[in-house]
Amino acid sequence: MIPNIKKILYPTDLSENAKHAFIYAADLAQRYDAMITILYVMEDMNYATEFQVRGMLGAKEWDRVKSEKSNQLTQKIKSKIEDFCQEMDSQIDSCRLLVEDIQITSGNPTEEILDVAKNINADMIVMGSYGYNILLGALIGGTTRKVVKNSEVPVLVVKLPKNREK
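Below is a summary of the structure that appears in this document. (Residues numbered from 1 in each chain as written. Predicted model: local features only at pLDDT ≥ 70, side-chain atom pairs only at ≥ 80, totals over all residues. Heavy atoms only, no water.)

A tally of regular secondary structure across the protein chain gives five helices and five strands. Walking the protein chain from its N terminus toward its C terminus, one meets helices and strands in the order β-α-β-α-α-β-α-β-α-β. Of all 166 residues assigned to the protein chain, the portion counted as buried reaches 39%. Summed over all atoms, the accessible surface of the protein chain reaches about 10,000 Å², with 51% contributed by carbon and sulfur. (Helix = DSSP H or I, 4+ residues; strand = E, 2+ residues; numbered from the N terminus. Buried < 20%, exposed > 50% of the residue type's maximum accessible area, 1.4 Å probe, protein only. Areas by Shrake-Rupley, 256 points an atom, 1.4 Å probe, with all protein chains shown as cover.)

Listed below in structure tokens is the structure:
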């Protein structure tokens, strides 16, 4: 059976590895005339920390700060896509037009990736093999493993080549 790929979910943590994975997502989207949904998952603070911050700032201010952070991340992702598309103009036609949606959610990365894949009816997930959590700076390779194990759709895992590893 020939795959009918029309929707690709590309989860990103904005790392170099994730950027490299976007090359594959964009190439597949171009070849299959598919669209890409980009997903960034902000990990939730633990309850005690969020309770303290909300108490110090007040509920309205806390909601404003969270909304502002989400808007900043959306702009950062859009900027990175623009930069990438400029770099790839000669290789990927209409790179910017391949991105259908950018979603920013919060929660458990594995659960959010799987939920969004289901909600958008993704035909494939393309993601890096590991990355870095922006808040903690810690390796999160387990997320990819859990997505592969639990996904109902194919997952393309892209490893950063050795010459690009830092």
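Additional details are given in the paragraphs that follow.
Tracing the chain through its elements places Thr-144 in helix H5 (residues 141–150). Classification of Thr-144 as buried rests on a relative accessible area of 7%. Taking C-alpha positions, Thr-144 is 9.1 Å from Val-155, a pair spaced 11 residues apart along the chain.

One finds Ile-8, Tyr-10, Phe-22, Ile-36, Ile-38, Ile-77 and Val-126 to be the most contacted residues of the largest nonpolar core, which totals 26 residues. Counting only elements with at least two residues in this core, the list comes to strand S1 (7–11), helix H1 (16–32), strand S2 (35–42), helix H3 (59–88), strand S3 (99–106) and strand S4 (124–128). Counting residues per element, this core draws most heavily on H1, at seven residues. Setting aside chain neighbours within four positions, we find Ile-8 in contact with Ala-25, Leu-28, Ala-29, Ala-34, Met-35, Ile-36, Thr-37, Met-124 and Val-126. The next biggest cluster of nonpolar side chains, apart from the first, holds 11 residues, and it includes Leu-9, Ile-113, Met-127 and Val-147. (Core = buried A, V, L, I, M, F, W, Y, C linked by side-chain atoms within 4.5 Å. Contact = heavy atoms within 4.5 Å.)

For the rest of this paragraph, the subject is unusual backbone geometry. The phi torsion of most residues other than glycine is negative, and most of the peptide bonds are trans. The phi angle at Asp-33 is positive, at roughly 55°, despite the residue not being glycine. Turning to its location among the elements, Asp-33 is positioned in the loop between H1 and S2. On the basis of relative accessibility, which here comes to 63%, the residue Asp-33 falls in the exposed class. Although it is not a glycine, Asn-121 sits at a positive phi angle of roughly 55°. When you line up the elements, Asn-121 lands in the loop between helix H4 (109–119) and S4.

The next thing to look at is the environment of Ile-23. For Ile-23, the location among the structural elements is in helix H1. Here Ile-23 falls in the partly exposed class, since its relative accessible area comes to 24%. Residues Ile-23 and Val-126, 103 residues apart in the sequence, show an inter-C-alpha distance of 9.8 Å.

Of the volumes computed, that of the second largest pocket is approximately 230 Å³. Forming the walls of the second largest pocket are 15 residues, and the residues nearest its centre are Tyr-10, Lys-19, Lys-80, Ile-81 and Phe-84. Mapped onto the lining of the second largest pocket, the elements with two or more residues apiece are H1 and H3. When residues of the lining of the second largest pocket are assigned to their parent elements, the largest contribution, six residues, is made by H3. Taken together, the residues of the lining of the second largest pocket sort by class into eight nonpolar, two polar and five charged. (1 Å grid on protein atoms, 1.4 Å probe; cavity = no way out; pocket = protein on both sides within 12 Å on 5 of 7 lines; lining within 4 Å. Points joined across faces, edges and corners; volume = space filled by probe spheres on them. Nonpolar A, V, L, I, M, F, W, Y, C, P; charged D, E, K, R; others polar.)

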